[in-house]
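Now for the letters of each chain:
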Amino acid sequence: MKRFRFGFFANWFIIFLFLSSGYYYRENAGRFLRGLVNQLQPCERPITYSIVNLDPRFGLTQEKLLNDIGQAEKTWESSVDRQLFEYSPTGDLKINFVYDYRQEATDAMEKIGIVIKDNRAGYDEVKAKYDSLMVSYNKQKSDLDALISAYNVDKNAYEKEVSRFNKRGGAPQADYDALEQKRADLNNQVAIINNAKDSLNALIDILNSTEVILNKLVAKLNLQVNTYNTVSSSTGREFSEGEYVRDATGTRINIYQFNDTNQLVRVLTHELGHAIGLEHLPNPKAIMYYLNEGGINEKLTADDVTALKAVCRIK
């Protein structure tokens, strides 16, 4: 006697119940159905993706981005000779470019002439710049403290004189003119102090960006050195270039940082691998290695291909 596979019919029964219920909008129902079909027949139909958020501060056009994603697609598709992804303005896989402290730090480094390299030489270059910036910071901070201290002394002396003359009912013209000059001098000191504060804050921004990059390199290169805290506060922030997220709202790829086109394509390839269903691999040279080392491993390894074929059920 032949036995029916309950799992197969159970899945389609779930689909029927889902579509016949009125608890979801059509778009959610369609996404749910496509997700189930992809699970039942992995890699048989392409995953559709759309570009939802492209922050202009990344300096990317949609045309350029689609070309970069296309390169990432081909990396996987050419290894199994199947179309695994397809662009659609309403595609289920949402791609977002989120500009935050990660890309901001990268752009700050570029402005001071440092192109971030994910290797020990790159770390040493950023560390040397950091040390130089810290010397400047300590000098400017000391100078600012001295300016504030001198201002407070002069301000207290001025206020005492004003109080003394006010108790007498006013100051003679010569003394009044001298006090007015002191008041003007105090205002000038305030302007100098504010300029010094602005300069110091600008330096702190660069320092903080440098520290964010250093912490990224320390983690990525597994260096046995201390991590760095920002001047104004402890960073305590992770530095991932991108992430694949799957939750109740659907699936999405968030891109946070890249140095150049090659690294962007590398990050996209890694996250598209997660979208197919691939997990991280222990091989440091694999695209799906957990550190996502852009620029170091840009081609699929045998481990990547083996994992892909297993997910796609290709012998």
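Residues numbered from 1 in each chain as written. Predicted model: local features only at pLDDT ≥ 70, side-chain atom pairs only at ≥ 80, totals over all residues. Heavy atoms only, no water.

(A) A look at the state of the cysteines. Inspection of the entire model under this criterion finds one disulfide. The partner cysteine of C43 in its disulfide is C312, sulfur to sulfur 1.9 Å. Disulfide C43-C312: torsion about the S-S bond near -65°, hence left-handed. Of this pair, C43 sits in the loop between α2 (26–40) and β1 (47–54) while C312 sits in helix α8 (residues 302–312), and the two are 269 residues apart along the sequence. The burial state of C43 is the same as that of C312; both residues are buried. (Disulfide = S-S within 2.5 Å. Helix = DSSP H or I, 4+ residues; strand = E, 2+ residues; numbered from the N terminus. Buried < 20%, exposed > 50% of the residue type's maximum accessible area, 1.4 Å probe, protein only.)

(B) Spotlight on the pairing of β1. Pairing between β1 and strand β2 (residues 85–87): three bridges, direction parallel. Across the sheet, I47 pairs through a bridge with F85, a residue of β2. With helix α3 (residues 62–80) bridging β1 and its parallel neighbour β2, the resulting β-α-β unit is right-handed. (Pairing = 2+ DSSP bridges. Right-handed = clockwise from strand over helix to strand, strands pointing away.)

(C) Structural detail: the packing of α3 against helix α7 (residues 261–276). Where α3 meets α7, the axes come as close as 8 Å, and the angle between the chain directions of the two elements is 55°. Classified by the interaxial angle, the pair formed by α3 and α7 is oblique. Two packed elements cross with a definite hand, and for α3 against α7 that hand is right-handed. Taken together, the residues of α7 that come into contact with α3 (itself represented by K64, L65, D68, I69, Q71, A72, E73, T75 and W76) are T261, L264, V265, L268, T269, L272, G273 and I276. Residues of the contact of α3 with α7, tallied by class, amount to nine nonpolar, five polar and three charged. (Axes fitted to C-alpha atoms, helices over the stretch in contact; angles between N-to-C directions. Parallel < 35°, antiparallel > 145°, perpendicular 65-115°, else oblique. Left-handed = near helix turned anticlockwise from the far one by under 90°. Contact = heavy atoms within 4.5 Å. Nonpolar A, V, L, I, M, F, W, Y, C, P; charged D, E, K, R; others polar.)

(D) Looking closely at helix α6 (residues 173–221). Given a rise of 1.5 Å per residue, 49 residues ought to cover 72 Å, and the 71 Å separating the end C-alpha atoms of α6 matches this to within 8%. One or two positions beyond α6, positive phi appears at N222, with a value near 55°. (Expected span 1.5 Å × (residues − 1).)

(E) Fine view of the environment of N283. Counting through the fold element by element, N283 comes out in the loop between α7 and α8. Residues N283 and D304, 21 residues apart in the sequence, show an inter-C-alpha distance of 9.1 Å. Not counting residues within four places of it along the chain, the set of residues in contact with N283 comprises Y289, T301 and D303. A polar contact of 3.1 Å, which involves the side chain of N283, links it to the side chain of D303. (Polar contact = N/O pair within 3.5 Å; in protein donor to acceptor, adjacent residues only side chain to side chain.)

(F) Spatial organisation of the packing of aromatic side chains. For the coordinates displayed, the defined rule picks out six aromatic pairs. Here F97 and F258 contribute two aromatic rings whose centre-to-centre distance is 6.3 Å and whose plane-to-plane angle is 85°, an arrangement assigned as edge-to-face. Taken as a pair, F97 in strand β3 (residues 93–97) and F258 in the loop between β5 (250–255) and α7 lie far apart in primary sequence, 161 residues in all. Ring centres of Y289 and Y290 lie 4.9 Å apart, and the angle between their planes is 65°; this geometry places the pair in the edge-to-face category. According to the relative accessible area criterion, Y289 is buried, its value standing at 13%. By the ring-pair criterion, three or more aromatic residues cluster together here, those being F58, F97, Y99 and F258. For the cation-ring pair, R102 lies above Y256, with the distance from its terminal atom to the ring centre recorded as 3.8 Å. (Phe/Tyr/Trp six-rings, centres within 6.5 Å; stacked < 30°, edge-to-face > 60°. Lys NZ or Arg CZ within 6 Å of the ring centre and 35° of its normal.)

(G) A look at the nonpolar core. Residues I69, W76, L84, F85, F97, I255 and L272 are the most contacted members of the largest nonpolar core, which totals 35 residues. Every element with two or more residues in this core is listed here: β1, α3, β3, β5, α7 and α8. Discounting residues that sit within four places of it in the chain, I255 has contacts with F58, N96, F97, V98, E241, G242, L264, V267, L268 and E271. Formed by 28 residues, the second largest nonpolar core is a distinct cluster that contains M109, L144, Y158 and Y228. (Core = buried A, V, L, I, M, F, W, Y, C linked by side-chain atoms within 4.5 Å.)

(H) Up close: the sheet that holds β3. Judged by pairing direction, the sheet is mixed, and its five strands sit side by side in the order β2-β1-β3-β5-β4 without closing on themselves. Looking at the sheet topology across the chains shown, the edges are occupied by β2 and β4 (242–247). Pairs of neighbouring strands in the sheet enclose a mean axial angle of 30°, with direction left out of account. Contacting β1, β2 and β3, α3 crosses the sheet at an angle of about 145° to β1.

(I) Structural detail: the pattern of salt bridges. This structure, assessed with the given rule, holds 15 salt bridges. R120 is the partner of D124 in a salt bridge, and the nearest nitrogen-oxygen pair spans 3.1 Å. Here D124 and its partner R120 are both found in helix α5 (residues 120–167), four residues apart, which amounts to about one turn of the helix. D124 sits in the partly exposed class, given a relative accessible area of 37%. Across the pair K127 and D131 runs a salt bridge whose closest N-O atoms are separated by 2.9 Å. Pair noted here: K127 and D131 are both in helix α5, with a separation of four residues, about one helical turn. (Salt bridge = Lys/Arg side-chain N within 4 Å of Asp/Glu carboxyl O.)

By themselves, these observations are geometric and do not establish any function.
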